[in-house]
Amino acid sequence: MPLALLTLVSYAFDLRIYHDIPLDLQSDLLSLSRLFIPSLFALGAAMLIPTSSLPLQLVAVISSYYLLAIFCLKNLPGLFNQPTAWILSSLTSTLVLLPDLDLGHDRRARTPLITIAEILLAFMMPAISLLILSIIIECLGGFIAATFTQNLISTPFSCVIVPIYSLIQALGFNTLLNTIFSFQYNNQYSDAILNSIAIGNLFVLPTTLLTSALFANRKISPFLFFFALIVILTSHNGACISIELSILILFFQGCFFAFSLSSIMVFFVCIYYKLPALTNFFMLYQPDLSIRYIRFLNLEHYYYPVLIFAIVSGCLTQIIFIYFYKFKYIRSYQNQRLSGGKIKLNRQSSPDLYVITLLKVFGCLSNLRSVIRQGRICYIKVNDPNLVSMAQLNKICMRKPRYERNRNVYILDIGDNCAIITEKLSKMIAEISESADNYIPLSQEFIIR
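Remember, predicted model here, so these are calculated numbers, not experimental data.

Enquirer: Could you clarify how one ought to interpret the overall build of the protein chain in this entry?
Expert: Along its length, the protein chain carries 17 helices and 4 strands. The buried share of the protein chain, reckoned over its 449 residues, is 43%. For the protein chain, contacts bridging at least 24 residues in sequence account for 74% of all contacts bridging at least 6. Only carbon and sulfur atoms are counted for the fraction: they give 66% of the accessible area of the protein chain, which is about 24500 Å².

Structural data, given as structure tokens:
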């Protein structure tokens, strides 16, 4: 919804459209909307992350976003072209406020000094994250300026610039590449780079998401479908495409790889047909993609075969990625069955069977201290890790489980039924703790002599 709202406001206050209001006021309204609306996206993302204090988390995220935005606009005006870096940095404050796995044990022992330190760290973490991100971007900028020379841009190896541009666009840092190409390069390879970036965002990315939505499960499919529709409407908007690419990198890496690979294939097809650029680097997402004067129904040259190829390649590449993942899962499941293990679970196994299996793997119910879910990931804290069978645990998880030795926490990917399984385990642990609290100690044994 914030992305759709940002697109509507960008349309309404577009500086290339004449309005009755003064041009300066129109520009100020557009700038304020592009500062305010992304904060709604950061606020919505913060509400989805589990926390020990929701009011504190929301205040930390929204205040950090505006402080970082104002600081960057005043002191680093040319570094970030889009607000994505402020969103990602402000959301790092939620890492400090994640719920503790001791289920209230530490809350009773928590002192006011620890609470104050936690609050200060929650407000300091975004600034530290933005500093680290700025250093990385400066180093990346120096690498780009030194590497992207005439020897690279005039060869087919310049195809690597297409996924690199998508990556730095996701971070809101595409100004340097735009400047380098605007003033230094103008050949068929630079035209192919321009076309593959523009066509990739306009056609390949929505096709990849729609294909993924068709093959996804019922829970994630509606989100991917509406996400694809939003991308179709917003892929020309710089701030929107930056946030959308960030979502792909964080949550749908397979879609991002399929999108990048398809865009590279579009690059070579553009070279084959020697197509002139649809736009120029100076107008490429600074802040928006300039397609106002492009009439897709009256294109000359061989643009239509390239557009058809972009749609088909995005669809086929995503299907190959999906079936490769399923084939890998089937092979791993067959290996589990051939290994002779007694535990045989798959995605269709009932949650009750999974709970019983987890109790066997962890030794017993009394060995579990707490269970917390985040998405399809389950965090289980144990009393004695020596009772846990890591080999059997590796067989029933969708991915290789991880163990944090300092906190005795196991991080498990237990699939789409994670919410049900976590709820059942939490109720069982709560029943044990209640029975322990209600336990009446017996008096000492009376010895008769």
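Picking up where we left off.
Enquirer: Can you help me understand helix α12 (residues 238-251) in this one?
Expert: Working note: α-helix, 3.6 residues per turn, so residues spaced by three or four point in the same direction. In this model α12 runs 20 Å from its N-terminal to its C-terminal C-alpha over 14 residues, within 8% of the 20 Å that 1.5 Å per residue would give. Burial within α12 is extensive, with 11 of its 14 residues counted as buried. By the burial criterion, the buried members of α12 are G238, A239, C240, I241, S242, I243, E244, L245, S246, I247 and L248. The distance from a side-chain oxygen at the start of α12 to the backbone nitrogen of A239 is 3.1 Å, and the residue carrying that oxygen is N237.

Enquirer: What is the right way to read the sheet that holds strand β3 (residues 402-404) from this model?
Expert: Backbone-to-backbone hydrogen bonds pair the strands of a sheet. The strands run either parallel or antiparallel. With antiparallel pairing, 4 strands are arranged side by side in an open sheet as β1-β2-β4-β3. Of all the strands in the sheet, just β1 (368-374) and β3 have a single pairing partner and so form its edges. Sheet twist, expressed as the average angle between the axes of neighbouring strands with direction ignored, equals 20°.

Enquirer: It is not clear to me how the packing of aromatic side chains should be interpreted in this structure. Could you clarify?
Expert: What describes a pair of aromatic rings is the distance from one ring centre to the other and the angle between the planes of the rings. Under the criterion given, the structure shown has 12 aromatic pairs. Between F362 and Y410, the aromatic rings sit 5.5 Å apart at their centres with planes inclined by 85°, giving edge-to-face as the arrangement. Residue F362 is found in the loop between α15 (351-361) and β1, and its partner Y410 is found in strand β4 (residues 409-413); the two are separated by 48 residues along the sequence. Pair check on accessibility: F362 and Y410 agree, each one buried. By the ring-pair criterion, three or more aromatic residues cluster together here, those being Y65, Y66 and W86.

Enquirer: Mind showing me how you'd approach the side chain of Q318 here?
Expert: Tracing the backbone shows Q318 in helix α14 (residues 303-338). For Q318, a relative accessible area of 4% puts it in the buried group. For Q318, the contacting residues outside a window of four places in its chain are T208, T211, S212, G254, C255 and A258.

Enquirer: Just checking my understanding: could you explain the pattern of salt bridges for this structure?
Expert: Oppositely charged side chains may form a pair once their charged atoms are brought near each other. This model, assessed by the stated rule, comprises 3 salt bridges. In this structure, K427 engages E423 in a salt bridge whose closest nitrogen and oxygen atoms are separated by 3.5 Å. Residue K427 and its partner E423 are located together in helix α17 (residues 418-437), separated by 4 residues, close to a single helical turn. For E423, a relative accessible area of 45% puts it in the partly exposed group.

Enquirer: I would appreciate a short explanation of a nonpolar patch on the surface in the present structure.
Expert: On the surface, a nonpolar cluster with roughly 630 Å² of combined accessible area is contributed by I116, L120, L121, M124, I128, I132 and I136. For I128, the position within the fold is in helix α6 (residues 112-147). Look at I128 and you get partly exposed, because its relative accessible area is 37%.

Enquirer: Please explain unusual backbone geometry as it appears in this structure.
Expert: When glycine is set aside, most residues are seen to have a negative phi, and most peptide bonds are trans. Here the phi dihedral of K274 falls at roughly 55°; this positive angle occurs in a residue that is not glycine. Residue placement: K274 occurs in the loop between α13 (253-273) and α14. For K274, a relative accessible area of 64% gives the class exposed. Positive phi, close to 55°, is recorded for N408, a residue that is not glycine.

Definitions and cut-offs
Residues numbered from 1 in each chain as written. Predicted model: local features only at pLDDT ≥ 70, side-chain atom pairs only at ≥ 80, totals over all residues. Heavy atoms only, no water. Helix = DSSP H or I, 4+ residues; strand = E, 2+ residues; numbered from the N terminus. Buried < 20%, exposed > 50% of the residue type's maximum accessible area, 1.4 Å probe, protein only. Contact = heavy atoms within 4.5 Å. Areas by Shrake-Rupley, 256 points an atom, 1.4 Å probe, with all protein chains shown as cover. Expected span 1.5 Å × (residues − 1). Polar contact = N/O pair within 3.5 Å; in protein donor to acceptor, adjacent residues only side chain to side chain. Pairing = 2+ DSSP bridges. Axes fitted to C-alpha atoms, helices over the stretch in contact; angles between N-to-C directions. Phe/Tyr/Trp six-rings, centres within 6.5 Å; stacked < 30°, edge-to-face > 60°. Salt bridge = Lys/Arg side-chain N within 4 Å of Asp/Glu carboxyl O. Patch = residues over 30% accessible without salt bridge, like charges linked within 9 Å, V, L, I, M, F, W, Y side chains within 5 Å.

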